[in-house]
Amino acid sequence: IDRGKKVKIKSITFEGNNSMKSGKQRRAMKDTKQRGIMRIFKRSKFNHTAYNRDKEAVLDKLRSVGLRDVRFVSDSVYKIDERNLGIHFKIDEGEKYYFGNITWIGNTKYSSGLLDTVLGIKYGDVYDKPLFDQRVHQSQDGRDISSLYMDRGYLFFHIEPVETGVVDHHINYEMRMIEGKEARVKNV
């Protein structure tokens, strides 16, 4: 087996990104890094699997600032010289979206106002799908709708956010809930 010479990433460039600086997009790429002055002892080698994972991380970062339709028009890995590669991304950001009206259906235990407060997302906030999913299902700080119910014994609680429409770049949601019965401890 002739492994050949190691190939390093010399530059990562973005084209078409107007909503976010290229540095933030490069920081979203955890394993695909370009060589730099401050990265003396850290690797910058190209790994195809990590590259694909990091491309998705860049899209998620852009989606978190309201760019729901963001996509790569093209991405190219090209050879600069014998030991260096360059990566170039061309991005189509699409339109910026915002949260619209959020309505609650099936809630009897808690009022819609309290659920809005726990969710922490208001009409006109920038659309951030990862944050929305986190606040509905699994927040690290316990500030989510599922934890609110399950911590009070509603172990069979289920919530399904349904997108009901997009009006003037505002995405409306209907939160369909099944609270279920409150569970009790019988034998320990």
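All values derive from a computational prediction rather than experimental measurement.

The rules behind the values
- Per chain, residue numbering runs from 1 following the sequence as it is written.
- The model is predicted, so local features are restricted to residues of pLDDT at least 70 and side-chain atom pairs to those at 80 or more, both for listing and for counting; the totals for chains, interfaces and linings are taken over all residues.
- Based on all heavy atoms of the structure, the side-chain values leave hydrogens and waters out of the count.
- The numbering of helices and of strands both runs from the N terminus, where a helix is a DSSP run of H or I of at least 4 residues and a strand a run of E of at least 2.
- Here the globule rule is a power law, 2.2 Å times the number of residues to the power 0.38, and the radius of gyration is based on C-alpha atoms.
- Here's how the labels work: a residue is buried when its accessible area is under 20% of the maximum for its type, exposed when over 50%, partly exposed in between, all with a 1.4 Å probe on protein chains only.
- Within this scheme the basic residues Lys and Arg register as positive and the acidic residues Asp and Glu register as negative, but His and the chain ends are omitted.
- In plain terms, the charge of a residue is placed at NZ if it is Lys, CZ if Arg, CG if Asp and CD if Glu.
- Working note: the arc is built from the helix axis to C-beta atom directions.
- Only heavy atoms matter for contacts: two residues are in contact if any of them lie within 4.5 Å across the pair.
- Here a patch means residues that are over 30% exposed by relative accessible area and free of salt bridges, tied together within 9 Å if like-charged and within 5 Å if nonpolar (Val, Leu, Ile, Met, Phe, Trp, Tyr).
- Here the open area of atoms and residues is found with the Shrake-Rupley method and a 1.4 Å probe, where only the protein chains shown may cover a residue.
- Salt bridge criterion: a side-chain nitrogen from Lys or Arg within 4 Å of a carboxyl oxygen from Asp or Glu.
- Only protein atoms enter the calculation, which uses a 1 Å grid: trapped sets of points that fit a 1.4 Å probe without letting it out are cavities, open sets showing protein on both sides within 12 Å along at least five of seven lines are pockets, and any residue with an atom within 4 Å of a point is a lining residue.
- Grid points are joined across faces, edges and corners, and a volume is the space filled by probe spheres set on the points.
- Any residue outside Ala, Val, Leu, Ile, Met, Phe, Trp, Tyr, Cys, Pro, Asp, Glu, Lys and Arg is labelled polar, Gly included; the first ten of those are nonpolar and the last four are charged.
- Strand pairing is assigned whenever DSSP detects at least two bridges linking the two strands.

Peer 1: Would you mind going over the overall build of the protein with me for this structure?
Peer 2: Per the secondary structure count, the protein includes five helices and six strands. Along its sequence from the N terminus, the protein presents helices and strands in the succession β-α-α-β-β-β-α-α-α-β-β. For 188 residues, the compact-globule formula gives about 16 Å, and the C-alpha radius of gyration of the protein, at 22 Å, lies well above that figure. Along the three orthogonal principal directions, the C-alpha set of the protein runs to about 65 × 50 × 30 Å. Out of the 188 residues belonging to the protein, those deemed buried represent 35%. With 36 positive and 26 negative side-chain charges, the protein shows a separation of 9 Å between the mean positions of the two kinds.

Peer 1: Mind showing me how you'd approach helix α3 (residues 112–119) here?
Peer 2: One turn of the α-helix equals 3.6 residues, which is why residues spaced by three or four share an orientation. Residues Leu115, Val118 and Leu119 constitute the buried set of α3. Along the axis of α3, the buried residues cluster in a sector spanning 100°; they form a single face. Its buried side turned inward, α3 meets β4 (98–105), α4 (129–136), α5 (145–150) and β6 (170–178). Phi turns positive one or two residues past the end of α3, at glycine 120, with a value near 70°.

Peer 1: Just to check I follow, could you spell out a nonpolar patch on the surface for this structure?
Peer 2: Side chains of Met150, Leu155 and Phe156 sit close together on the surface and give an oily, nonpolar patch of about 330 Å² of accessible area. Tracing the sequence through the fold places leucine 155 in the loop between α5 and β5 (158–167). On the accessibility criterion, leucine 155 (52% relative accessible area) is exposed.

Peer 1: Would you take a moment to explain the layout of surface pockets for this structure?
Peer 2: Here the idea is plain: a probe the size of a water molecule rolls over the atoms and shows the empty space left. The space that makes up the largest pocket amounts to roughly 170 Å³. In terms of lining, the largest pocket is formed by Arg3, Gly4, Lys5, Lys6, Val7, Lys45, Phe46 and Leu85. Of the residues belonging to the lining of the largest pocket, the class tally is three nonpolar, one polar and four charged.

Peer 1: Got a minute to help me understand the pairing of strand β3 (residues 84–92) in this structure?
Peer 2: Each regular strand displays side chains that alternate between the two surfaces of the sheet. Here seven bridges tie strand β1 (residues 8–15) to β3, and the two strands are oriented parallel to one another. Bridging across to β3, glutamate 15 finds its partner in lysine 90. The hairpin turn running from strand β2 (residues 71–81) into β3, its antiparallel successor, is two residues long.

Peer 1: Hey, could you run me through unusual backbone geometry in this one?
Peer 2: Glycine aside, residues mostly have negative phi angles, and peptide bonds mostly take the trans form. Although it is not a glycine, aspartate 168 sits at a positive phi angle of roughly 55°. Looking at the secondary structure, you find aspartate 168 in the loop between β5 and β6. In this structure, histidine 169 is a non-glycine residue whose phi angle is positive, near 65°. Turning to its location among the elements, histidine 169 is positioned in the loop between β5 and β6. On the basis of relative accessibility, which here comes to 29%, the residue histidine 169 falls in the partly exposed class.

Peer 1: Would you mind showing me how to read the pattern of salt bridges here?
Peer 2: When the charged atoms of two side chains with opposite charge come close together, those side chains can pair. In this structure the tally under the stated criterion is 10 salt bridges. The residue aspartate 75 makes a salt bridge to lysine 55 at a minimum N-O spacing of 3.1 Å. A residue pair is termed long-range when its members are at least 10 positions apart, and aspartate 75 in strand β2 and lysine 55 in helix α2 (residues 48–63) qualify at 20 residues. One connected set of salt bridges, linked through shared partners, spans Glu56, Asp60 and Arg63.

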